[in-house]
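# Structure at a glance
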Protein chains: 2
Amino acid sequence: MRVTVLAGGTGAAKFVRGLVRVVPASEITVIVNTGDDLEWWGLHVSPDIDTICYELAGLLDVERGWGRREETFRCRDAMGALGEPAWFSVGDLDLSTHLFRTGQLRAGEPLSSVTVELCRRWNIAPRVLPATDDRLRTIVTMDDGDVGFQEFFVRRRHQGAVHAVRFEGAASAKPAPGVIDSIASADAVVIAPSNPVTSVGPILAVSDIGAALGATPGRVVAISPIIGTAAFSGPADRLMAMRGLRTSAVGVAEAYRPFLDVLLADSSDHALASEIEAAGAKPCFTDIRMRDAAQAERLARETLDAIAR
Amino acid sequence: MRVTVLAGGTGAAKFVRGLVRVVPASEITVIVNTGDDLEWWGLHVSPDIDTICYELAGLLDVERGWGRREETFRCRDAMGALGEPAWFSVGDLDLSTHLFRTGQLRAGEPLSSVTVELCRRWNIAPRVLPATDDRLRTIVTMDDGDVGFQEFFVRRRHQGAVHAVRFEGAASAKPAPGVIDSIASADAVVIAPSNPVTSVGPILAVSDIGAALGATPGRVVAISPIIGTAAFSGPADRLMAMRGLRTSAVGVAEAYRPFLDVLLADSSDHALASEIEAAGAKPCFTDIRMRDAAQAERLARETLDAIAR
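All names here are of chain B. The phi dihedral of Arg 157 is positive, around 50°, even though this residue is not glycine. For Arg 157, the position within the fold is in the loop between α6 (149-155) and β8 (162-168). Take Arg 157: its relative accessible area is 63%, and that puts it in the exposed class. A positive phi angle, near 40°, is found at His 158, a position not held by glycine. Tracing the backbone shows His 158 in the loop between α6 and β8.

Here we come to the interface of chain A and chain B. Size of an interface, as often reported, equals the accessible area lost when the parts are brought together. Contact residues are listed per partner, giving 22 residues for chain A and 22 residues for chain B. Together chain A and chain B conceal approximately 2,000 Å² of surface at their shared face, both sides included; 64% is due to carbon and sulfur atoms. For the chain A face of the interface with chain B, the top three residues by lost area are Arg74(A), Leu82(A) and Leu99(A), together amounting to 33%. The salt bridge involving Arg121(A) is made with Glu84(B); its shortest N-O contact spans 2.6 Å. Viewed at the interface, chain B and chain A are joined by 8 residue pairs in polar contact (both at pLDDT 80 or more). Among the elements of the structure, α3 (74-81), α4 (92-106) and α5 (111-121) of chain A are those that each provide at least two residues to the side of chain A that touches chain B. If you tally residues by element for the side of chain A that touches chain B, the top one is α4(A), at 7 residues. Broken down by class, the residue content of the side of chain A that touches chain B amounts to 12 nonpolar, 3 polar and 7 charged.

With that settled, the discussion passes to the relation of the copies chain A and chain B. Laying chain A over chain B is done by rotating through 180° and shifting 0.0 Å along the axis; what remains is an RMSD of 0.0 Å. Read as a symmetry element, the transformation amounts to a two-fold axis. Across chain A, the rotation axis passes nearest the C-alpha of Asp92(A), at a separation of 3.2 Å. Comparing interface residues between copies, 100% of those in chain A also lie at the interface in chain B; the contact surface is shared.

Another aspect to go through is helix α3 (residues 74-81) of chain B. All names here are of chain B. Within the span of α3, buried status applies to Cys 75, Ala 78 and Met 79. Along the axis of α3, the buried residues cluster in a sector spanning 105°; they form a single face. Taken from the residues just after α3, Gly 83 is the one with a positive phi, measuring 90°.

Further remarks concern the sheet that holds strand β6 (residues 137-142) of chain B. All names here are of chain B. Spatially, 3 strands are ordered β7-β6-β8 in an open sheet, and the strand pairing comes out antiparallel. Edge strands, defined here as strands with exactly one partner in the open sheet, are β7 (145-148) and β8. Between one strand axis and the next, the sheet turns by 30° as a mean value, whatever way the strands run. In the sheet, β6 pairs with β8 via 6 bridges, with the strands oriented antiparallel. Bridged to Val 140 within β8 is Val 165.

Residue position: Arg137(B) is located in strand β6. Buried charge without a salt bridge: Arg137(B), with Asp37(B) as the nearest opposite-charge side chain at an N-O distance of 4.8 Å.

Residues and elements named next belong to chain A. Inspection of the secondary structure puts Pro 225 in the loop between β10 (219-223) and β11 (226-227). Its relative accessible area of 6% is what places Pro 225 among the buried residues. Measuring from C-alpha to C-alpha, the distance between Pro 225 and His 270 comes to 15 Å, with 45 residues separating the pair along the chain. Setting aside residues no more than four positions away along its own chain, Pro 225 makes contact with Pro 193, Ser 194, Pro 196, Ala 230, Ala 231, Phe 232 and Val 252.

Residue and element names in this part refer to chain A. Following both chains from N to C, one finds helix α1 (residues 10-19) and helix α13 (residues 293-308) inclined at 80°, their axes separated by 7 Å at the closest point. Taken as axis vectors, α1 and α13 run roughly perpendicular relative to one another. Within the contact between the two elements, α1 uses Lys 14, Phe 15, Arg 17, Gly 18 and Leu 19 and α13 uses Ala 293, Ala 296, Glu 297, Leu 299, Ala 300, Thr 303 and Leu 304. Tallied by class, the residues present in the contact of α1 with α13 amount to 7 nonpolar, 2 polar and 3 charged.

Attention now goes to the side chain of Asp269(A). Residue and element names in this part refer to chain A. Tracing the backbone shows Asp 269 in the loop between β13 (262-266) and α12 (273-278). Of the side chains with opposite charge, Arg 289 lies nearest to the buried Asp 269, which makes no salt bridge, at 8.9 Å. Look past the residues within four positions of Asp 269 in its chain and what remains in contact with it is Ile 226, Ile 227, Gly 228 and Phe 285.

Here we come to the pattern of salt bridges. Within the structure shown, the criterion is met by 40 salt bridges over all chains. Glu254(A) is the partner of Arg246(A) in a salt bridge, and the nearest nitrogen-oxygen pair spans 2.7 Å. Accessibility expressed as a relative area gives 40% for Arg246(A), which makes it partly exposed. Across the salt bridge formed by Asp77(B) and Arg76(B), the nearest N and O atoms sit 3.1 Å from each other. Here the salt bridges share partners, and the residues they tie into one network are Glu84(A), Glu117(B), Arg120(B) and Arg121(B).

Definitions and cut-offs
Residues numbered from 1 in each chain as written. Chains lettered and ligands numbered in written order. Predicted model: local features only at pLDDT ≥ 70, side-chain atom pairs only at ≥ 80, totals over all residues. Heavy atoms only, no water. Helix = DSSP H or I, 4+ residues; strand = E, 2+ residues; numbered from the N terminus. Buried < 20%, exposed > 50% of the residue type's maximum accessible area, 1.4 Å probe, protein only. Contact = heavy atoms within 4.5 Å. Buried area = accessible area lost by both parts, 1.4 Å probe. Salt bridge = Lys/Arg side-chain N within 4 Å of Asp/Glu carboxyl O. Polar contact = N/O pair within 3.5 Å; in protein donor to acceptor, adjacent residues only side chain to side chain. Nonpolar A, V, L, I, M, F, W, Y, C, P; charged D, E, K, R; others polar. Least-squares fit on C-alpha atoms with pLDDT ≥ 70 in both. Arc of directions from axis to C-beta. Pairing = 2+ DSSP bridges. Axes fitted to C-alpha atoms, helices over the stretch in contact; angles between N-to-C directions. Lys, Arg positive; Asp, Glu negative; His and termini not counted. Parallel < 35°, antiparallel > 145°, perpendicular 65-115°, else oblique.

Take a look at the structure:
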């Protein structure tokens, strides 16, 4: 069974942690959001690719959900002491990834090739693809103007009114090599429990990816990142409301309506069954929290079971 | 009394440690070798500028003679684990300097301006100038071909036959702003106890610097980096021999013959007095080892006394 996952960061990493216990690694492709990418201290940082790769390499700080375990932040602190911005926490181990990636990009390698090379060096068996090799940036419009995603998410701790979210560069961005094929040839496309607006949104904004999801003979299943009316973490609920989506599992079905076959929602949201169905997806209910690897494995299994039914 | 120092790394840092205890910081200019500079992990590293600045900022690892105190090397180790070169030891704190410098250089700032800015942020009062803002690289010809200075010095631990040393870019390199003025207006120009070939050599290879030393009304004094026939540290003795210089304090006087007024040599080399004189410099003898700040201070005082006489 070939499985392609559309992934943001933390939530997707948890799901992937379970998936690799259920499906052979060689059958898994993870297409990752690059709208969060940023230039930081002159280095190209791809936070979601790193979170997914660190997870698959066994390097992720699982407690925190991002960055590397046993990390230190001495360079960041020295940058701060030097009067340079230090609000985006790049760790000392983490820096090696950004230095390597930046060097390869400067040498002319596309992001997808650099990601392949990182996966090779980290012995990561599943295929990890950026949604696009082209420049794509999630821009958040706030009261005082436009800010980059990390400025909104990290520096401002996603506080403050958001008036709009757009994906700079999306109109001309092409899917990275392998992205469309991996969707077209998948038995299942799983949209991980990530923020529909700012994690999955940038992936869908890349030309042809939405169409490929609509055309794939495989089944498309999403796992809700929302229980009741609240996101597991982060601003997904507020951003969905801003986009006119209901802040519930129903809104998730709405967000993916053109191509979604099945929505996995939390058992506590069973009352939303008919609304989810009205939004075009077959609802399935289970405990969608992933507190540990065993729960992630169970959720991965149930996700694949749900589309097999 | 205005003092300008020609400086390499470790030995020069020791001398400067003493000098700032003897002369007001505002009267001191340090002109630093940039032939050791390298691109490492895509960052511009200026090892000698960093050693001098870390010393003046109180950040230097005095025991080791380079890098920052309380340093860690976690990023370097992670780079090594990733299969990237890790033989040049960039520390986690040290990385902040290289990231900042590289960012400023990429934004179009010359190295001298970046150095001024680093000094400002570190509250360094003496003026620190790179010998040149232009690209200058010390290249060492060995049995298997040409290697960069750090490849020779660090990676190969200065082992192996050296057939030639040249300074790539020197022919077209111009002195950085302030360099010629600081020599012309100095009461004393002190050539620190650095390697005459690979630390002071690149400075002298920059056009007009040698001529400025010859023309300055101030006195030019050098401190020998050699006692007997052995360098304090590093390959100065072997490189001097390769250049046809005697491997003793006499060879140091020879190396600086066109402009040297006074040579400070170790008391144990007193027998070389007439040979030093024959090489064109007035010899002065004292204990030239600097084991601690007090000895460095004494040596700085005796250096200035020697030219006052």
